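# Architecture and fold: a report
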Amino acid sequence: MAMNGTITIDKTLCKACELCISVCPEGAIQLSDEINPKGYHPAEFIKERCKGCSLCALMCPEVAIEVFRER
Ligand code: SF4
Ligand code: SF4
């Protein structure tokens with residue numbers, strides 16, 4: 001699959017459940033060093049582009065991830 005997407009993660013919503021990390025086929029998400037207002041280390045996107053498969057967004061119980069597909 002082509003690398004044709006990117007995501008944004010709302011770090012204030014994230015509860016660091018790591019579900020997005022477990023499903024990402026690109027290893028494109030990790031927990032960050034910072035601490036969000038809820039007291040969690042929020043997930044962060046660590047690549048410039050990804051597959052845009054949306055698995056991470058579908059899994060996120062906090063609906064913190066938005067996926068942008070490119071042509
Ligand atoms: S859209 Fe797919 S490839 Fe991109 S970060 Fe989410 S799970 Fe990973
Ligand atoms: S699935 Fe959502 S709440 Fe869980 S770590 Fe990823 S962004 Fe945070």
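Look above for the structure.
Quick caveat, the model's predicted, so the values are computed rather than measured.

## Let's talk about the nonpolar core
Ile9, Cys20, Ile29, Cys56 and Ile65 are the most contacted members of the largest nonpolar core, which has 13 residues in total. The residues contacting isoleucine 9, other than those within four sequence positions of it, are Cys14, Pro42, Ala43, Glu44, Phe45, Ala64 and Ile65.

## Focus on the site of ligand 2
Close to ligand 2 lie 14 residues, the nearest being Cys14, Cys17, Cys20, Ala43 and Cys60. Tallied by class, residues from the shell around ligand 2 come to eleven nonpolar, no polar and three charged.

## Re unusual backbone geometry
Residue glutamate 18 is not a glycine yet carries a positive backbone phi of 70°. Mapped onto the elements, glutamate 18 comes out in the loop between strand S1 (5-9) and helix H1 (19-23). With phi around 50°, valine 63 is a residue other than glycine that occupies positive phi space. When you line up the elements, valine 63 lands in the loop between helix H2 (55-59) and strand S4 (65-69). Classification of valine 63 by C-beta neighbours within 10 Å gives exposed; the count is 10.

Thresholds applied
- Residues numbered from 1 in each chain as written.
- Chains lettered and ligands numbered in written order.
- Predicted model: local features only at pLDDT ≥ 70, side-chain atom pairs only at ≥ 80, totals over all residues.
- Core = buried A, V, L, I, M, F, W, Y, C linked by C-beta atoms within 7 Å.
- Buried ≥ 20, exposed ≤ 12 C-beta atoms within 10 Å, placed from the backbone.
- Contact = placed C-beta atoms within 7 Å.
- Near = placed C-beta within 6 Å.
- Nonpolar A, V, L, I, M, F, W, Y, C, P; charged D, E, K, R; others polar.
- Helix = DSSP H or I, 4+ residues; strand = E, 2+ residues; numbered from the N terminus.

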